[in-house]
Amino acid sequence: MFRSRSWFGGGWGRPKNPHSLEHLKYLYNVLSKNQTVSEHNRGLLVETLRSIAEILIWGDQNDSSVFDFFLEKNMLSFFLRIMRQRSGGSSFVCVQLLQTLNILFENIRNETSLYYLLSNNHVNSIIVHKFDFSDEEVMAYYISFLKTLSLKLNAHTIHFFYNEHTNDFPLYTEAIKFFNHPESMVRIAVRTLTLNVYKVEDASMLAFIRDRTAAPYFSNIVWFIGKHIQELDNCVRNDADHQSQNRLADLVAEHLDHLHYLNDILCLNITDLNQVLTDHLLHKLLIPLYIFSLTKRPTPLNDIATANMNRLLNKKTLASDSTSSPHHESSINGGKVSCVVALFLLSQVFLILSHAPLVQTLAWIIFKTDRISYEQGVDKLLENYNSELKRNKQQVEESTESEQSTKSSSKDGSNENLLDVPKNITDEEKERLASSSENSTEVEKPFLESIFTSLDCTENDYTTLFSLCLFYAIANNKGITSDIVEQILKPKKTLVAKTSNKDIKYSYNVQLVDKILHVVMLACQPTCRVRLVTLELALKFLSQLVMCDGKSILLEPHKLTIEAAKSQSTASLRNFYKSEEIFLDMFENEYCDMQKGSLNVEWLCMDSAILLPPTGTPMTGIDFTKRLPCGEVERARRAIRVFFLIRDMVLMLNGEVESQLPLTNPQSCVQIDQALDLSISHNSDLIGCTVVYKEGNKMRRFLVIDILQLILVEPDTKRLGWGVAKLVGFLQDIEVSGDKDDSRCLHITIHRPLSGTSTNRIPLLSAKFVFDDNIRCMAAKQRLTKGRIKARQKKMQHIARLLEIPGQSGPPSPAFIGASGVGYTSRQIGRNRDRPLFNRCPGFAAPKRENSPGVVHKADTETRRTRCAVESPKAPRIRNESPNAKKDIRSRDSSSSSKTRSRDSSPRMPRPRSEEIPLELIKKAPNSVIDMAPKISILPRPQTPKVECDRGSIEPIGGLRDKDSGVSSISEVSEETSFIADEGDFQNGKGFVETV
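Residue numbering note: each chain is counted from 1, following its sequence as written. Residue-level local features of this predicted model are given only where pLDDT is at least 70; pairs of side-chain atoms are given and counted only at 80 or more, and the full residue set underlies all totals for whole chains, interfaces and linings. Based on all heavy atoms of the structure, the side-chain values leave hydrogens and waters out of the count.

Draft legend 1. Fine view of the overall build of the protein. Numbered from the N terminus, helices here are DSSP runs of H or I no shorter than four residues, and strands are runs of E no shorter than two. Across its full length, the protein carries 35 helices and twelve strands. Here the term buried applies to any residue with accessible area under 20% of the maximum for its type, exposed to any over 50%, and partly exposed to those in between, with areas from a 1.4 Å probe on protein chains only. Burial analysis of the protein (996 residues in total) assigns 46% to the buried set. Counting contacts in the protein only where the partners sit at least 6 residues apart, residues at least 24 apart contribute 71% of the total. For accessible areas, the Shrake-Rupley method is used with a probe of radius 1.4 Å. Any residue's cover is judged against the shown protein chains and nothing else. If you sum the accessible surface of the protein, you get close to 50800 Å²; carbon and sulfur atoms cover 51% of it. Contacts are assigned to residue pairs with any non-hydrogen atoms lying within 4.5 Å of each other.

Rendered as structure tokens:
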């Protein structure tokens, strides 16, 4: 009859405003009455916890009394009671509780409110609580809660978590137990938490980590990295058929995560931690597993004994809980991994780690260790390095003292002695060091010899690629000083003192350059098994070896070798040179793809696919540059890339700049929205058309066909005689087809320029072009078809000149220099974007009608023929010619008359003023001589002299040649329907145009 007024009833006591202190009091009463979790009230408790977090976040920003009430009632104690219950619904509530705490600490901004929450040590009690981590949801929210707390650490809040009196740090010690958790999200959260802890500058806390946790934690990390490497090596050995690429990719990614985490710790520059971590890495991972695997020599005896002990130790530790065991005294790596895996992993180490004491030790051991030291084990190697380091410091101190004493003793001497004596001393020291290094190269060095042996790519480049990666990584590591890599991986400069001046003597590792040039020469062979990525890396590393102070220091024999490689690569590509369209497309495609960027070695070493033996099938999904070519097309692509790589290298060594590529110079082409002057240039005509898009939109444009480009122009309404380019495409990328239903229409598709390896090219424009009549349509189709052929032919001729194919010598292609058919000059190219292009304004500009020399009409042509026959006594008369000649004349007359008849049968379209025939020509007899010069004259278009006519050009109509004068008469169609004019003899006023 009456509604219940309890907290579980209809909610008479529930405040209407959820963001208020009254609502928090209401929720407190709910928690007080439901302190025991059951199946019936767990839903209510979950909603209550969620609402509490929401109100606390609101109170942090708006009302401080909310946190006062929260602390007054000690509401965190309710959270602890709920977590410690073992009832059926407690796990469900614990998930919401952890989520509430995570949201609460993540969104609090007020430091006072944060201090309130961290007080009373309730948070540490929640951290050490034994949750049911078998529940994935509990594990996820718990580790996220710990990471959120670590983000709040600073010099003030660290004291809420680290208890200096009890020497306890639960936030850190509980988190590192999950550093090797199966879930990657958990492992990443633990690494983030430890880094946040290490960043806090608190001496007592760091001392606790160094003394209590650093050694066991870092030992565990090293042990598990070694175990991980063994799995990676097994995967490489057992996956010769590329069937486990996903598993291999995961293992490589995990190793990279480990290295980046170690580098982050080392970059914090905490001396005590870095010393402990470096010692564990050198003694238990990098030297015994990575470096010792470079050579096939047996493992040193003392390391074998240590390895056997470690195996027994590992069996015991693996039987126990590996995540909680803090002591793995050494790695399981008593054995070795394959040389390929060792080279790959060391490359990653030198590419990622930059801690100087660590990487310098590794580089010195690789380059300086002899066979005797290797057989004595890891400890002896490190002892030799430390003694060498001390010896070098003593030499530096002695040289400094000698320089100071020399300066003090030479104060009364001349300036020459003051400058020369110290330098002579340093030169002697350098010579002595150089001689000692040369003598040391004669000693057997197992690690360096193994890397040099791996550079041999007679069979394939499987190990060669990783050897080059390792050399490149060591040479470019910022933590390695120059005295270790100089003369081995970098050029060396030596001052040579003379009487008057001082010269600089350059030297480099001749043996290493010989090896690299051998790789380059093999890569230029058509049947070699060297991948493109190996060749590119070899050339990249070679440039660092022989380039010093911005110039090449390559010796003459090596110069001849690289020139021979260029000749060989050119000859190999010449075998694939064809007149087919696919070769031109491949040539430009590969060039565009290579211009995207140079090889990034760090990204290359992230790719797990290169760990597998080289394959030639594209079915593996491996990138083209990282596998062998398959089929004739891929061999041609490879030959093109080899040609580009060797060509770039030769240009760089010679100090030259590329002047022939790309085939099309973008700077010389017309761009979209570029204003063009239509009144100066002469070699392009305008054809009016209507562009009908697939969506149904129609636009009136004027079509212009250049030597390289198709341009759609819109007249400029503000300036007379100017136009604006609205669409620009290359003629070589167009497709033209007629319309079966309408003879005035063309279907034109303009593809985008090549920019990648994808064969699916998105069209730049695909539309229907409607012309005024079928004559203009046929003329446009002829121009586009022939223009496409000519554009591709010009580029093929340019490629032929690059490949030094006989018979292709001559000036560079206009496709590169920009001297296209629109008549660009050097002065015009240097102008601004509003440069002239065409010879008349579209739509309404007509030819000038005034007297002009060198232009006659058909009647004048007949008159000239008659006069030449009368005035020249040696010229044969037409009446005395053979019957065949008469037949030719009749056939030409009949052809011209037939053309007139076909024109009469064409559709009656309005004729523009530019095509109007004067009335005088219609009334006069065809054979009468009429002087039309004062009445009609057509300005000739400047033409380029040409010796031979193109095969695809239209045959001249009514052309006759005078045997003595050698002057031919050529009839042409009108300017508006003519193709890009075939070159005629228009210089010196000798050319003329016939009009029908």
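Draft legend 2. Region of the structure containing the pattern of salt bridges. Whenever Lys or Arg places a side-chain nitrogen within 4 Å of a carboxyl oxygen from Asp or Glu, that contact is recorded as a salt bridge. What the rule picks out here adds up to 32 salt bridges. Of the charged contacts, one joins E254 and R191 as a salt bridge, the two residues approaching to 3.0 Å between their closest N and O atoms. Of the two residues, E254 sits in helix 13 (residues 245-267) while R191 sits in helix 11 (residues 184-199), which places them 63 residues apart along the sequence. For E254, a relative accessible area of 13% translates into the label buried. The salt bridge partner of R647 is E658, with a shortest N-O separation of 2.8 Å. With a gap of eleven residues between them, R647 in helix 29 (residues 631-653) and E658 in the loop between helix 29 and strand 5 (675-677) connect regions that are remote in the sequence. The class for R647 is buried, based on a relative accessible area of 11%. The exposure class of E658 is partly exposed, given its relative accessible area of 24%. One network of salt bridges, in which partners are shared, links E590, D593, K596, R637 and R641.

Draft legend 3. How the structure looks around the packing of helix 8 (residues 136-151) against helix 11. Only the contacting stretch of a helix is used when fitting its axis, a line to C-alpha atoms as for every element, and angles between N-to-C directions run 0 to 180 degrees. At a closest axis distance of 9 Å, the pairing of helix 8 and helix 11 adopts a crossing angle of 20°. Here helix 8 lies roughly parallel to helix 11, going by the angle between them. Both helix 8 and helix 11 take part in a crossing whose hand is left-handed. Of helix 11, the residues touching helix 8 (which contributes M139, A140, I143, L146, K147, S150 and L151) are M185, V186, A189, V190, T192, L193 and N196. Charged means Asp, Glu, Lys or Arg here, nonpolar means Ala, Val, Leu, Ile, Met, Phe, Trp, Tyr, Cys or Pro, and polar covers whatever is left, Gly included. Split by residue class, the contact of helix 8 with helix 11 holds ten nonpolar, three polar and one charged. Throughout, the term roughly parallel applies to angles under 35 degrees, roughly antiparallel to angles over 145, roughly perpendicular to angles from 65 to 115, and oblique to all others. Left-handed describes a crossing whose near helix is turned anticlockwise from the far helix by less than a right angle; the clockwise case is right-handed.

Draft legend 4. A look at helix 11. Working rule for helices: expected span equals 1.5 Å times residues minus one. A rise of 1.5 Å per residue sets the reference length of helix 11, with its 16 residues, at 22 Å; its end C-alpha atoms lie 23 Å apart and thus fit the reference within 8%. Looking at helix 11, one finds that the buried residues are V186, R187, A189, V190, R191, L193, T194, L195, N196, V197 and Y198. On its buried face, helix 11 sits against helix 8, helix 10 (170-175), helix 12 (203-237), helix 13 and helix 14 (271-291).

Draft legend 5. Layout of the packing of aromatic side chains. Each Phe, Tyr or Trp ring (for Trp, its six-membered ring) is paired with any other whose centre lies within 6.5 Å, and the angle between the two planes then decides the class: stacked below 30 degrees, edge-to-face above 60, tilted in between. Scanning the entire structure with this criterion turns up 33 aromatic pairs. Consider the rings of Y162 and F169, whose centres lie 5.8 Å apart with planes at 65°: the pair is edge-to-face. Of the two residues examined, Y162 and F169, each falls in the buried class. Ring pairing ties together the aromatic residues Y162, F169, Y172, F179, Y198, F208, Y217, F218, W223 and F224, which thus form one cluster. We call a charge positioned above a ring when the Lys NZ or Arg CZ atom is no farther than 6 Å from the ring centre and deviates by at most 35 degrees from the ring normal. Sitting over the ring of W722, R719 keeps its end group 4.2 Å from the ring centre. Here the basic side chain of K795 rests over the ring of F730, its NZ or CZ set 5.6 Å away from the ring centre.

Draft legend 6. Region of the structure containing the sheet that holds strand 6 (residues 686-692). When DSSP finds two or more bridges between a pair of strands, those strands are recorded as paired. Ordered by their spatial adjacency, eight strands build an open sheet running 5-9-8-7-6-12-11-10, and the pairing between neighbours is antiparallel. Both outer strands of the open sheet, strand 5 and strand 10 (734-738), are each paired with one neighbouring strand and no more. Between one strand axis and the next, the sheet turns through 40° on average, direction left out of account. Alignment of strand 7 (residues 698-705) against strand 8 (residues 709-715), held across four bridges, turns out to be antiparallel. By the bridge assignment, F702 is partnered in strand 8 with V713.

Draft legend 7. Quick peek at the packing of helix 17 (residues 356-368) against helix 21 (residues 446-454). Direction vectors running N to C along helix 17 and helix 21 enclose 80°, while the axes themselves pass 5 Å from each other. Put simply, helix 17 runs roughly perpendicular to helix 21. Contact residues: I365, I366 and F367 in helix 17; F447, L448 and I451 in helix 21.

Remember, this is a structural readout, not a statement about activity or role.
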